[in-house]
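# Notes for the structure review
One letter stands for each residue in the lines below.
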Amino acid sequence: ARFRNYELLEIQPGPGLNILVGENGQGKSNLLEAIYMLATTKSFRASRDVEVIQTGNQEAVAFAEVEYDELPSRDLEITISHSDRKSARVNGARTSRVIDLIGSLNAVFFGALDLRLVNGEPSSRRRFMDLAIAQTSPAYCIALAAYKRSVDHRNGVLREMRERPDLEASLDVWTDQIVHYGAPVIIHRTAFATELATLAAEAHAELSGGRETLSVRYAPSVPCTTSDQGKVAEVFADEVQRVRESEIKRGSSLVGPHRD
């Protein structure tokens, strides 16, 4: 309701493959965007969530009843508002965090802009991995959010340290935080890339008639050769210590999942 060009739209998809057909500007992508927001809480094209609110209205709402093979159906709702924070409901009850919606409806969107996964900046590939993994692992979603907050705080301390060397203890606190939350992020990404590499190679071999081989490799800024979180954290901490002086000079965290 009140989402992009839709004042109100109700649609019942059929079993199997569903294809949306229509003229340019009719709202096919808008419908996909609403579904994607229910799956990931984010838009695949808007820089700000409020862009999806229909002009002249204060909020937009997307709702879906999701049926599962072996679990009870689940009602999902996400509300984007000009005057309040984005909110979500599951079976009518408001969630404590919007990210609690993630995992109830799994979706992958691929459009023309997603060619950036191949020829674009590393941030596009990180975002793709993060959204995919988060839908199947709430723990990853929580760790990633905490990691990003910790990096922001740590960068603030690093910038101040150029004038205030006495903030060494504060830097150590935030270093411990990025190591603690960053280690599981690295491990999850490694496992995801390993599984994706196998599936991608099989799909590409079929598409190319076996004439070509596609490889997918995860290149973390912190070397990861184990799934042991403690050992990954140790390597991460050593890497941070190695670049510590450079980080203080630049006022920025130079290693970690945000630099993969």
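Residues numbered from 1 in each chain as written. Predicted model: local features only at pLDDT ≥ 70, side-chain atom pairs only at ≥ 80, totals over all residues. Heavy atoms only, no water.

## Focus on the overall build of the protein
- Scanning the protein from terminus to terminus reveals seven helices and four strands.
- Helices (α) and strands (β) of the protein occur, in sequence order from the N terminus, as α-β-β-β-β-α-α-α-α-α-α.
- In terms of overall dimensions, the protein has a C-alpha envelope of 60 × 55 × 35 Å along the principal axes.
- Excluding contacts between residues fewer than 6 apart, the proportion of contacts in the protein whose partners are at least 24 apart in sequence is 57%.
- Looking at the protein as shown, the accessible area adds up to about 16100 Å², and 51% of this sits on carbon and sulfur atoms.
- Positive and negative side-chain charges of the protein, numbering 31 and 36 respectively, have mean locations separated by a distance of 6 Å. (Helix = DSSP H or I, 4+ residues; strand = E, 2+ residues; numbered from the N terminus. Contact = heavy atoms within 4.5 Å. Areas by Shrake-Rupley, 256 points an atom, 1.4 Å probe, with all protein chains shown as cover. Lys, Arg positive; Asp, Glu negative; His and termini not counted. Charge placed at Lys NZ, Arg CZ, Asp CG, Glu CD.)

## Here we look at helix α6 (residues 229-242)
- Helix length check: α6 (14 residues) gives 20 Å between terminal C-alpha atoms against 20 Å at 1.5 Å per residue, within 8%.
- Taken together, the buried residues of α6 touch α4 (138-161), α5 (168-207) and α7 (244-250).
- Between a side-chain oxygen at the N-terminus of α6 and the backbone nitrogen of Gly230 the separation is 2.9 Å; the capping residue is Asp228. (Expected span 1.5 Å × (residues − 1). Polar contact = N/O pair within 3.5 Å; in protein donor to acceptor, adjacent residues only side chain to side chain.)

## Quick notes on the sheet that holds strand β4 (residues 93-94)
- As summarised here, the arrangement of the four strands in space is β1-β2-β3-β4, forming an open sheet in which the pairing is antiparallel. In the strand order of this sheet, the two ends are held by β1 (59-66) and β4, each with one partner.
- Packed on one face of the sheet, helix α1 (residues 28-40) meets β1 and β2 (74-81) and runs near 105° to β2. (Pairing = 2+ DSSP bridges. Axes fitted to C-alpha atoms, helices over the stretch in contact; angles between N-to-C directions.)

## What about the nonpolar core?
- Within the largest apolar cluster, 28 residues are counted, with the highest numbers of intra-cluster contacts made by Met129, Tyr140, Ile178, Ile186, Val232 and Phe236.
- Broken down by secondary-structure element, the contributors of at least two residues to this core are α3 (122-134), α4, α5 and α6.
- For this core, the leading source of residues is α5, giving eight residues.
- Other than its neighbours up to four places away in sequence, Phe236 contacts Tyr147, Ile178, Val179, Gly182, Ala183, Ile186, Val222, Val255, Gly256 and Pro257.
- Core analysis: the second largest hydrophobic core is formed by 20 residues, Ala64, Val66, Leu76 and Val98 among them. (Core = buried A, V, L, I, M, F, W, Y, C linked by side-chain atoms within 4.5 Å. Buried < 20%, exposed > 50% of the residue type's maximum accessible area, 1.4 Å probe, protein only.)

## Some details on a nonpolar patch on the surface
- Residues Leu9, Ile11, Leu20, Leu32 and Ile35 make up a contiguous nonpolar surface patch of roughly 390 Å² in combined accessible area.
- On the secondary structure map, Ile11 appears in the segment before α1. (Patch = residues over 30% accessible without salt bridge, like charges linked within 9 Å, V, L, I, M, F, W, Y side chains within 5 Å. Salt bridge = Lys/Arg side-chain N within 4 Å of Asp/Glu carboxyl O.)

## What about the pairing of β2?
- Of the strand pairs in this sheet, β1 and β2 are connected by eight bridges, and their pairing is antiparallel. Within β2, the position partnered with Glu65 by the bridge is Asp75.
- Linking β2 back to strand β3 (residues 87-90) in an antiparallel pair, the connection comprises five residues.

## Focus on α1
- With 13 residues, α1 extends 19 Å from end C-alpha to end C-alpha; this agrees with the ideal 18 Å at 1.5 Å per step.
- Three or more residues of α1 are buried, namely Asn30, Leu31, Glu33, Ala34, Tyr36, Met37, Leu38, Ala39 and Thr40.
- Packing partners of the buried residues in α1 comprise β1, β2 and α3.

## So, the pattern of salt bridges
- For the structure shown, the criterion picks out 13 salt bridges.
- Residue Arg189 pairs with Asp130 through a salt bridge whose shortest N-O separation is 3.0 Å. With a gap of 59 residues between them, Arg189 in helix α5 and Asp130 in helix α3 connect regions that are remote in the sequence.
- The class for Asp130 is buried, based on a relative accessible area of 9%.
- Close ionic contact of Arg244 with Asp172 constitutes a salt bridge, the shortest N to O distance being 2.8 Å. Residue Arg244 is located in helix α7, and its partner Asp172 is located in helix α5; the two are separated by 72 residues in the primary sequence.
- Where salt bridges share partners, they join Arg4, Glu33 and Arg45 into one cluster.

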